[in-house]
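If you want the building blocks of each chain, they are given just below.
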Amino acid sequence: MTETWIILGASSSMARAFARKLAERGDGVILAGRDTADLERDAADARVRGAALAETIRFDARDAASFGPIVARMAACEGPVSAAVFVGSMPSQTEIDADPALIDAVVIDNFTGPARLLQMLVPLMEARGGGTVVGVGSVAGDRGRIGNYVYGAAKAGFATYLSGLRNRLTRAGGHVVTVKPGFTDTAMTWGIEGMFLVAPPDKVAADILKAVEKKRNVIYTPIFWLAIMSIIRAIPEPIFKKLSI
Amino acid sequence: MQWKTADYTGWGRALRARGTLARPERVPALADALTARGPAIGNRRSYGDAALNSGGAAVEMTRMDRLLSFDPDTGGLEVEAGATLGEILRLFAPRGWMPAVLPGTGFATVGGAIANDVHGKNHHNAGSFGQHVQAVTLMTDSGPREVTPERDPALFRATMGGLGQTGAILSARLQLRPTPGQRMRVVETRIPHFDAFIAALDASEAEFAVGWVDATAKRKRLGRGILEEGTLAEGGRPGPARRAKSIPFDAPGLLLSAPVVKLFNRWYRWRVPDTGRKRTRPLEEFFFPLDALHDWNRLYGKRGFHQFQCIVPKDAAPALKEILAAIAKSGVASPLAVLKRMGPGRAGHLSFPMEGYTLAVDVPAQRRKLPALHARLQDMVRDAGGRLYLAKDGLAGPETVAAMYPELDAWRAEIAKADPDGQMTTDLVRRLHLRSAA
């Protein structure tokens, strides 16, 4: 039976690369985002690559009214239902310092928006006997750093949510993969100073698909970020608080 | 739209630009980026300055790479301009289709292939890339506009090989060609000298043919090398997908010193036994032999290199022999030169091909003799009724190029209409005064 994926934040280059791999395997993809006109071109791309089904649907993390129709659309699909979350926003810490109200938006985009939608979708997945949830967080969620701790806090919240969701969905035969990419060469990081070891989105997407197939729980991509973050996490707080990394 | 200021180069890395770059991923972001008045560029596989805009803006199209439609009955493919030809080959060869024309690298984008009207190892049969383009959609101030050879023949012709000057290409409709499988049957033959090479190229009946010439061999051995003839064959992809290796740093100059180059050439030739050899190879290894080595341009060191590629008419083979002799005598050439026969097929005013023979040689940019040698070579090419390939050029002058491209004025007239304010101008266009005779 064909598996159908809802891809949240489908316009991002990482999501696009992942959806292409799903399409080439013959899965169905429903591409959700704000710019549905442009997403139609991604849906066309998925169809040419071999997707069993490719559609678009409006999704805005900050507009909960867009969630219901997505759950309804997924319920109308036959067979197993899976979800991949690539939603997120990363205003600079200086912008947030200037306007602390931005914190709400960052938390909605990176955490509560997609979590709320997943929460609505999970009963359907359980009823269908499983499926997979891919949640893309960030290495920034592993430790609060002076450079972007609001973004990091939202991603950390999302990671904890995914951990609990994994606990729940496993019982129904499903699976949750938490993805922590390092710096990735996307529109979000284009032109930002200080990026290093930047991975192409296609490499990250390949790692994600492998993790889905092997039912991995938490992955760092590319893998060397596991080592980098292990070190960063191991630094004692009295020292860490004086660092600016 | 997010912009970054960066130093960037063409593939040869000898010519540089500093400017702002955007890399849109969606159509509205592309439209927004284009308001900054800069040309669209692809994967920068042209060697010189065709994809450079010093001091200005440029819009990288590499993320606009979606496949928009495919008709499995006709082989018609509509695709965004940033898609690479290697990706199209990878996706469609298993379905029995492939691009009708493939240049020497799979990293070339569809937009770049159109803007340079590229050719492949089958040019003598299939013509140029633009001849297999059915429609091209240009970004205009009033939105995307589809241009076809039927409705807008002049604008279409100015766009094929038009160096991006008619506007940013959003997407194109390509006619793919059928392939019986994912394999190429390759016959390699040793060729003793230049005249034998021309004779062998003329006699070849293979659909794909390319000659690798030892550009360091002189006198009796001038023009010796290996003729590679390819025929598409049935069957799946032989062997596993290859993994590209990277060149992690700029190579020291020693690597391309004359003795090392000579040794390499001798080895390259001796690989193929006297009696020749036959092999079956995966398509991408035949079409894109150097792509397995990512960033191989770094082998030429920090200063980079130029590629000299010219074509002369069929009856001017002796002139080409003299050009090769001048290169061999100068001792500046790098390992491999490419010699090909070409047919008359061309799609645009500034397209490179003509019926005849083309020679391409890499030359490290640090060679002191290079400017004088190049000045001599370009005169020899012009006097032979030939021309230089703009996608490769980094050294020619405006008068010489104007003499080589008789349709330049017709092209200028179309460009003046399509881009009256000169928004798409590049370093190449400025260096060669392509848009105005000034």
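Residues numbered from 1 in each chain as written. Chains lettered and ligands numbered in written order. Predicted model: local features only at pLDDT ≥ 70, side-chain atom pairs only at ≥ 80, totals over all residues.

Within an unreviewed UniProt entry, the label attached to chain B reads Decaprenylphospho-beta-D-ribofuranose 2-oxidase, and the organism entered is Rhodovulum euryhalinum.

In the annotation of an unreviewed UniProt entry, the entry for chain A reads Short-subunit dehydrogenase, and the organism field reads Rhodovulum euryhalinum. If you open the UniProt record of chain A and go to Sequence similarities (unreviewed entry), you find "Belongs to the short-chain dehydrogenases/reductases (SDR) family." (UniProt positions renumbered as here; feature names shortened; annotations may be inferred.)

Draft legend 1. Spotlight on the overall build of chain A. Scanning chain A from N- to C-terminus turns up nine helices and seven strands. Split into buried and exposed, the 245 residues of chain A put 46% on the buried side. Taking the intrachain contacts of chain A between residues at least 6 apart in sequence as the baseline, contacts between residues at least 24 apart amount to 67%. (Helix = DSSP H or I, 4+ residues; strand = E, 2+ residues; numbered from the N terminus. Buried ≥ 20, exposed ≤ 12 C-beta atoms within 10 Å, placed from the backbone. Contact = placed C-beta atoms within 7 Å.)

Draft legend 2. Structural context of the nonpolar core. With 135 residues, the main nonpolar core has B:Val59, B:Ile114 and B:Leu359 as its most contacted residues. Residues within four places of B:Val59 in sequence aside, it is in contact with B:Ala22, B:Pro24, B:Leu30, B:Ala33, B:Leu34, B:Gly38, B:Ala40, B:Ile41 and B:Ala168. If you look at the next biggest cluster of nonpolar residues, it comprises 66 residues, including A:Phe18, A:Leu22, A:Met74 and A:Val212. (Core = buried A, V, L, I, M, F, W, Y, C linked by C-beta atoms within 7 Å.)

Draft legend 3. Layout of the UniProt feature "domain: FAD-binding PCMH-type" (unreviewed entry) in chain B. Annotation from UniProt places "domain: FAD-binding PCMH-type" (unreviewed entry) at residues 13–179 of chain B. Counted over residues 13–179 of chain B, helix gives 20% and strand 28%. Its end C-alpha atoms are 35 Å apart.

Draft legend 4. Examining the sheet that holds strand E10 (residues 169–175) of chain B more closely. All names here are of chain B. Read from one edge to the other, the open sheet built from five strands follows the order E5-E6-E10-E8-E9, with strand pairing classed as antiparallel. Every other strand in the sheet has two partners, leaving strand E5 (67–71) and strand E9 (143–147) as the edge strands with one partner each. Taking the axes of each pair of neighbouring strands and ignoring which way they run, one obtains an average angle of 15 degrees across the sheet. Pairing of E5 with strand E6 (residues 76–80), which is carried by four bridges, proceeds in the antiparallel orientation. Residue pairing in the sheet places aspartate 71 in a bridge with glycine 76 of E6. (Pairing = 2+ DSSP bridges. Axes fitted to C-alpha atoms, helices over the stretch in contact; angles between N-to-C directions.)

Draft legend 5. Summary view of the pairing of strand E3 (residues 53–58) of chain A. Residues and elements named next belong to chain A. Summarising the sheet, strand E2 (residues 28–33) and E3 pair through six bridges and their orientation is parallel. Considered in E3, the bridge of leucine 31 is made with threonine 56. As for the winding sense of the linkage, the β-α-β connection from E2 through helix H2 (residues 36–49) to E3 is right-handed. (Right-handed = clockwise from strand over helix to strand, strands pointing away.)

Draft legend 6. Representation of the interface of chain B and chain A in the model. The interface is formed by 15 residues belonging to chain B together with 13 residues belonging to chain A. Where the side of chain B that touches chain A is concerned, the elements lending two or more residues are helix H1 (27–34) and E5 of chain B. The greatest single-element share of the side of chain B that touches chain A, amounting to four residues, is contributed by E5(B). Across the side of chain B that touches chain A, the residue classes tally to seven nonpolar, two polar and six charged. (Nonpolar A, V, L, I, M, F, W, Y, C, P; charged D, E, K, R; others polar.)

Draft legend 7. Region of the structure containing the environment of B:Arg431. Residue and element names in this part refer to chain B. Following the sequence through the fold, arginine 431 ends up in helix H13 (residues 427–431). We classify arginine 431 as partly exposed; it has 19 C-beta atoms within 10 Å. Separated by 34 residues in sequence, arginine 431 and glycine 397 place their C-alpha atoms 7.4 Å apart.

Draft legend 8. Layout of the pairing of strand E13 (residues 208–214) of chain B. Residues and elements named next belong to chain B. Counting buried residues along E13, seven of its seven residues qualify, which places the element largely inside the surrounding structure. Here E13 shows no split at all, with Phe208, Val210, Trp212 and Asp214 on one side and Ala209, Gly211 and Val213 on the other all buried. Pairing analysis gives six bridges linking E13 to strand E14 (residues 225–233), with the strands arranged antiparallel. Paired with alanine 209 across the strands is glutamate 229, a residue of E14. Pairing analysis gives four bridges linking E13 to strand E19 (residues 336–342), with the strands arranged antiparallel. Within E19, the residue paired with aspartate 214 across the bridge is leucine 336.

Draft legend 9. Representation of the packing of helix H5 (residues 102–127) of chain A against helix H6 (residues 149–171) of chain A in the model. Residues and elements named next belong to chain A. Contact geometry for H5 and H6: axes closest at 8 Å, N-to-C directions at 10 degrees. Here H5 lies roughly parallel to H6, going by the angle between them. Contacts between H5 and H6 pair Ile103, Val106, Val107, Asn110, Phe111, Ala115, Leu118, Val122 and Met125 from the former with Val150, Tyr151, Ala154, Lys155, Gly157, Phe158, Tyr161, Leu165 and Leu169 from the latter. (Parallel < 35°, antiparallel > 145°, perpendicular 65-115°, else oblique.)

Draft legend 10. Inspection of the packing of helix H1 (residues 13–24) of chain A against H2(A) at higher detail. Residues and elements named next belong to chain A. With their axes 8 Å apart at the nearest point, H1 and H2 run at an angle of 30 degrees to one another. It follows from the interaxial angle that H1 and H2 lie roughly parallel. Note on packing geometry: the crossing formed by H1 with H2 is right-handed. Note on element contacts: H2 touches H1 through Asp42, Asp45, Ala46 and Arg49, opposite Arg16, Ala19, Arg20, Ala23 and Glu24. The residue inventory of the contact of H1 with H2, partitioned by class, reads three nonpolar, no polar and six charged. (Left-handed = near helix turned anticlockwise from the far one by under 90°.)

Draft legend 11. Just the sheet that holds strand E18 (residues 305–313) of chain B, in detail. Residue and element names in this part refer to chain B. One open sheet accounts for eight strands, arranged E16-E12-E14-E13-E19-E20-E18-E21; its pairing is antiparallel. One side of each edge strand has no neighbouring strand; the edge strands of this open sheet are strand E16 (277–282) and strand E21 (387–388). Sheet topology places strand E12 (residues 183–191) next to E14; nine bridges connect them, and they run antiparallel. Residue valine 187 lies in a different strand from E14, and its bridge partner there is glutamate 229. Across the face of the sheet, helix H6 (residues 194–203) comes into contact with E12, E13, E14, E19 and strand E20 (356–364) while running at roughly 150 degrees to E12. Together, E18, E20 and E21 form the strand contacts of helix H10 (residues 370–383), whose direction differs from that of E18 by roughly 15 degrees.

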